[in-house]
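# Descriptive structure summary
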Amino acid sequence: MSHGTAESHGASEPPGETETGPLSETLWQLFRALQHAGDPAATATTTTATGERVLRGEAGREQDVTRVRFALRVAGGHILEARYRAFGCPYTLAACEWLARQLQGRELAVPGAAGLAQAVGAVGGPLEWARTLQIPAARLGRLLVIEDALRAAFDPPVTKGA
């Protein structure tokens with residue numbers, strides 16, 4: 001899965017027109033500074049001696065033009081670090097960056113998956129993200145993939161026969 005900064009995409013100037021129009025200034029600024037792209041500092045997926053753990057969720061497929069993986073490092077009732085890897089258009093990358101910024105440092109009101117679900121829910125859903133970030137309706141499907149990746153981080157997969 002690829003990710004990187006806007007510079008690695010050859011984007012030193014505003015991208016101009018995309019197939020759905022120009023990026024808003026907010027989206028362009030996010031796309032130029034993908035500070036949360038990559039893996040978290042801790043790589044463990046299980047709870048460590050300090051109580052830290054990394055919850056991971058992934059959704060989408062590169063063949064379908066959008067794939068997103070989120071990793072949330074949690075401990076002590078807080079999201080210590082929110083990171084992502086994404087394959088997608090500038091709207092996808094900018095939305096992932098915005099969400100990581102919104103989630104990192106957020107307090108978990110209740111422990112476990114319920115607290116994480118509340119924290120993610122507090123930043124709204126795909127429709128609110130689209131309005132806030134001025135993402136065209138034609139790109140809503142990308143935001144749904146991002147939402148699925150976040151949900152997968154705190155909803156463990158259901159095992160058949162369990």
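Residues numbered from 1 in each chain as written. Predicted model: local features only at pLDDT ≥ 70, side-chain atom pairs only at ≥ 80, totals over all residues. Heavy atoms only, no water.

## Notes on the overall build of the protein chain
Per the secondary structure count, the protein chain includes five helices and five strands. Tracing the protein chain from N to C terminus, the helices and strands come up as β-β-α-β-β-β-α-α-α-α. Per-residue burial over the protein chain gives 42% buried out of 162 residues. (Helix = DSSP H or I, 4+ residues; strand = E, 2+ residues; numbered from the N terminus. Buried < 20%, exposed > 50% of the residue type's maximum accessible area, 1.4 Å probe, protein only.)

## What to know about the confidence of the model for the protein chain
Per-residue confidence for the protein chain gives a mean pLDDT of 81, with 76% of residues at or over 70. Averaged over each element, pLDDT in the protein chain is lowest for strand β1 (residues 17-18) (52) and highest for helix α2 (residues 90-103) (95). Under a pLDDT of 50 for its full length, residues 2-13 has, in the predicted model, 20 contacts with residues more than four places off or in other chains. (pLDDT = per-residue confidence, 0-100. Contact = heavy atoms within 4.5 Å.)

## Section: the state of the cysteines
The tally for this structure, following the rule as stated, stands at zero disulfides. Of all cysteine sulfurs, the one in Cys89 lies closest to Cys96, which takes part in no disulfide; the gap is 9.6 Å. (Disulfide = S-S within 2.5 Å.)

## Notes on the packing of aromatic side chains
Under the criterion given, the structure shown has two aromatic pairs. Ring geometry for Phe70 and Tyr84: centres 6.0 Å apart, planes at 50°, overall tilted. Here Tyr84 lies in strand β5 (residues 78-87) and Phe70 lies in strand β4 (residues 66-75), a separation of 14 residues in the sequence. Overall, Tyr84 belongs to the buried group, its relative accessible area being 1%. (Phe/Tyr/Trp six-rings, centres within 6.5 Å; stacked < 30°, edge-to-face > 60°.)

## A look at the sheet that holds β5
Here three strands make up an open sheet; going across it, the order is β3-β4-β5 and the pairing antiparallel. At either end of the open sheet lies a strand with only one pairing partner, and these are β3 (53-61) and β5. Averaged over all adjacent pairs, the angle separating strand axes in this sheet is 15°, with direction ignored. Where β4 and β5 come together, nine bridges link them in antiparallel fashion. Bridged to Ala75 within β5 is His78. Sitting on the sheet, α2 is in contact with β4 and β5, with an inclination near 175° to β5. Strands β3 and β4 of the sheet are contacted by helix α5 (residues 140-154), whose axis makes an angle of about 150° with β3. (Pairing = 2+ DSSP bridges. Axes fitted to C-alpha atoms, helices over the stretch in contact; angles between N-to-C directions.)

## Considering the environment of Ala59
Within the secondary structure, Ala59 is located in strand β3. Accessibility expressed as a relative area gives 11% for Ala59, which makes it buried. For the pair Ala59 and Asp148, spaced 89 residues apart in sequence, the C-alpha separation works out to 5.8 Å.

## Focus: unusual backbone geometry
At Val65, a position not held by glycine, the phi torsion is positive, near 80°. Assignment of secondary structure puts Val65 in the loop between β3 and β4.

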